[in-house]
Amino acid sequence: MIKYYFIILILFCSCSHKTTIHCYNEATKNIIYKGVVNPLNISSNKKIISITSDYGILEKGGTNEKYNIITNQSESLFVEIKTKNKSEKFHFRVTEIPEPIINFNRPVQNNEIKIDDFKTIKNITYYIPEIAIDVSFKTRSLEIIRISKDNLVFKETCQIIDSKLIPLAEVGDIYIFNNVQIEIGDSENVVVKNEILKIIE
């Protein structure tokens, strides 16, 4: 009986000293999005000596286990974490950011918007429904096309806040937000799918 307890004690002690290392993204699991900041949780029950990556740039986040990684690699990368007695590689798949969608921050239904709501648009934002990480967007340029109810066509290239066509909207007009170019994180400019709005009462 004593011998049995002794074996159990040895097993318990050896397990308690086993080095464990964790590296994951809570929102995307093993996916890293190209050109944007991706958060990583990195931890170990032993002191971490080094954290490196083959194609990613790592930086410390706000708390002990929080890190950020960014990459322009287009296929895959790994993060290698070393403690005094263990080294482990964690592999991630790199993928492009899905195409963003324009958000007018006003109620839009079936591509129709009320004239009072439309005339108060001062900026547009963007969202990506497929991902759960924070992504920064910046509008570089866009073209606004107004097709009046009399079929007259007017165009301008500007930022939303500087638009001269939006205040001129009348019921029955069609507005096209075309060639919208945005920056996503540190990636190159991306052209977003155009949006068509009909102005209603």
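Anyway, here's the lowdown on the structure attached to this text. Source: prediction; values computed, not measured. Each chain has its residues counted from 1, running along the sequence as written. In keeping with the model being predicted, local features are shown solely for residues with a pLDDT of at least 70 and side-chain atom pairs are shown and tallied solely at 80 or more, while totals for entire chains, interfaces and linings include all residues. As a rule here, side-chain values cover all heavy atoms of the structure and leave hydrogens and water aside.

1. With respect to the overall build of the protein
1) Next: Helix and strand assignments follow DSSP, with helices taken as H or I runs no shorter than four residues and strands as E runs no shorter than two, numbered in order from the N terminus. Counting its regular elements, the protein contains two helices and 16 strands.
2) Next: Overall size of the protein, expressed as C-alpha extent along the three principal axes, is 95 × 35 × 25 Å.
3) Next: Each residue is placed in one exposure class: buried if its accessible area under a 1.4 Å probe, protein chains only, is under 20% of its type's maximum, exposed if it is over 50%, and partly exposed if it falls in between. Considering the protein as a whole, with its 201 residues, one finds that 34% of them fall into the buried category.
4) Next: Contacts: residue pairs with any heavy atoms within 4.5 Å of one another. Restricting to contacts in the protein with at least 6 residues of sequence separation, those with at least 24 account for 58%.
5) Next: Total accessible area on the protein stands at roughly 12,600 Å², and carbon and sulfur atoms take up 52% of it.
6) Next: As used throughout, the charge tally considers Lys and Arg to be positive and Asp and Glu to be negative, leaving His and the chain termini uncounted. Note that the charge is assigned to NZ on lysines, CZ on arginines, CG on aspartates and CD on glutamates. Side chains of the protein give 25 positive and 25 negative charges; the mean places of these two sets differ by 10 Å. All accessible areas in this document rest on Shrake-Rupley with a 1.4 Å probe, and a residue is counted as covered only by the protein chains that are shown.

2. Quick word on the pairing of strand β13 (residues 153-157)
1) Next: Strand pairing is assigned whenever DSSP detects at least two bridges linking the two strands. Across five bridges, the pairing between strand β12 (residues 137-147) and β13 is antiparallel. Counterpart to Arg146 in the pairing with β13 is Phe154.

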